[in-house]
Amino acid sequence: MPHESDEVDRIVEAWTRQRPDLDFSPLEVLSRVDRLSRHLDRARKDAFRRSDLESWEWDVLSALRRAGEPFQLSPKQLLQQTLVSSGTMTNRIDRLVARRLVRREADPGDGRSVLVTLTDDGQLRVDAAITRLVDAEAVLLGAVSRGDRERLAGLLRKLSLGFDA
């Protein structure tokens, strides 16, 4: 059964004519992943912008929201989830405090430590952003059936685990 051709097919066909000695199957997969990543990046930036958030703000606020009630984590826990340096995290928390999206509170279990807590406004924005994000991502996957999505997710998980090891 013939399939529709996309830009990657055209690129691979041209390369195959020029370099028939090479296996271009990695390009067929990863060039598509790269192109899809660009579409996803645009959709995410738009969803965050519509919630008046930057991508880095989303990273921190969504980590706090996913933590569940009382929506608080230590700066160290935020570091582990967002994969940024300590100095960067301190700067990000300062900026989020200034925007009243989070607040710092003394850790009741350790008076020398602080916890970062999501404010009501922070929760409102992150909840709006996740709704917009899921809706935008559903549109991006609109041409793919639920079963194909599950198979694709499984294949991408398998690939991803190789990098995360």
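Residues numbered from 1 in each chain as written. Predicted model: local features only at pLDDT ≥ 70, side-chain atom pairs only at ≥ 80, totals over all residues. Heavy atoms only, no water.

Asker: Whenever I open this one, the overall build of the protein chain confuses me. Can you help?
Answerer: Across its full length, the protein chain carries seven helices and three strands. Its helices and strands in sequence order give the protein chain the pattern α-α-α-β-α-α-β-β-α-α, from N to C terminus. A compact globule built from 165 residues should have a C-alpha radius of gyration of about 15 Å, whereas the protein chain, at 21 Å, is more than 25% larger. Dimensions along the principal axes, computed over C-alpha positions, put the protein chain at roughly 65 × 30 × 25 Å. Out of the 165 residues in the protein chain, the part that is buried amounts to 23%. Counting contacts in the protein chain only where the partners sit at least 6 residues apart, residues at least 24 apart contribute 48% of the total. On the protein chain, roughly 11,600 Å² of surface is accessible, and the fraction owed to carbon and sulfur atoms is 54%. One finds the centroid of the 28 positive side-chain charges in the protein chain at a distance of 2 Å from the centroid of its 28 negative side-chain charges. (Helix = DSSP H or I, 4+ residues; strand = E, 2+ residues; numbered from the N terminus. Rg over C-alpha atoms; globule rule 2.2 N^0.38 Å. Buried < 20%, exposed > 50% of the residue type's maximum accessible area, 1.4 Å probe, protein only. Contact = heavy atoms within 4.5 Å. Areas by Shrake-Rupley, 256 points an atom, 1.4 Å probe, with all protein chains shown as cover. Lys, Arg positive; Asp, Glu negative; His and termini not counted. Charge placed at Lys NZ, Arg CZ, Asp CG, Glu CD.)

Asker: Help me out: how do you make sense of the side chain of Ser74 in this one?
Answerer: Relative to the assigned elements, Ser74 resides in the loop between strand E1 (72-73) and helix H4 (75-82). Residue classification places Ser74 among the buried positions, given a relative accessible area of 18%. Leave out the neighbours within four places in its chain, and Ser74 touches Val114 and Leu115.

Asker: In this structure, what is going on with the environment of Asn91? I would like to understand it.
Answerer: The residue Asn91 is located in helix H5 (residues 86-98) in this model. The spatial distance from the C-alpha of Asn91 to the C-alpha of Phe48 is 20 Å, given a sequence separation of 43 residues.

Asker: I tried to follow the sheet that holds strand E2 (residues 102-107) on my own but got confused; where do I start?
Answerer: Strand pairing in a sheet is mediated by backbone hydrogen bonds. Such pairs are either parallel or antiparallel. Across the sheet, three strands lie side by side as E1-E3-E2; this open sheet has antiparallel pairing. Each edge of the open sheet carries a strand with a single partner, namely E1 and E2. Pairing geometry for E1 and strand E3 (residues 110-118), over two bridges, is antiparallel. Each bridged residue has a counterpart across the sheet, and for Gln72 the counterpart in E3 is Thr117. (Pairing = 2+ DSSP bridges.)

Asker: I keep staring at unusual backbone geometry and nothing clicks. Help me out?
Answerer: It is generally the case that most residues other than glycine have a negative phi and that most peptide bonds are trans. Look at the link from Glu69 to Pro70: it is a cis peptide, with omega at 5°. In this fold, Pro70 is placed in the loop between helix H3 (55-66) and E1. Located in the positive-phi region is Asp52, a residue other than glycine, with phi close to 55°. Within the secondary structure, Asp52 sits in the loop between helix H2 (25-50) and H3. Overall, Asp52 belongs to the partly exposed group, its relative accessible area being 44%. Its identity as a non-glycine residue notwithstanding, Phe71 has a phi of 60°, on the positive side. With respect to the secondary-structure elements, Phe71 resides in the loop between H3 and E1.

Asker: Honestly, the pairing of E3 in this entry has me stumped. Any pointers?
Answerer: In the case of a regular strand, side chains alternate between the two sheet surfaces. With six bridges joining them, E2 and E3 adopt antiparallel strand pairing. In the sheet register, Glu105 faces E3, and the bridge partner there is Leu115. Taken together, E2 and the strand that follows it, E3, pair antiparallel across an intervening segment of two residues.

Asker: What am I meant to see in a nonpolar patch on the surface here?
Answerer: Together, Val29, Leu30, Val33, Leu152, Leu156, Leu159 and Phe163 make up a nonpolar patch on the protein surface, roughly 640 Å² of accessible area in all. The element that contributes the greatest number of residues to the nonpolar patch is helix H7 (residues 146-164), accounting for four residues. Here Leu156 shows up in helix H7. (Patch = residues over 30% accessible without salt bridge, like charges linked within 9 Å, V, L, I, M, F, W, Y side chains within 5 Å. Salt bridge = Lys/Arg side-chain N within 4 Å of Asp/Glu carboxyl O.)

Asker: What should I look at first to understand the nonpolar core in this one?
Answerer: Nonpolar side chains in soluble globular proteins tend to be buried together. By size, the foremost hydrophobic cluster in this structure holds 22 residues, and its most contacted members are Leu61, Leu64, Leu78 and Leu96. Ranked by residue count, the leading element in this core is H3, at six residues. (Core = buried A, V, L, I, M, F, W, Y, C linked by side-chain atoms within 4.5 Å.)

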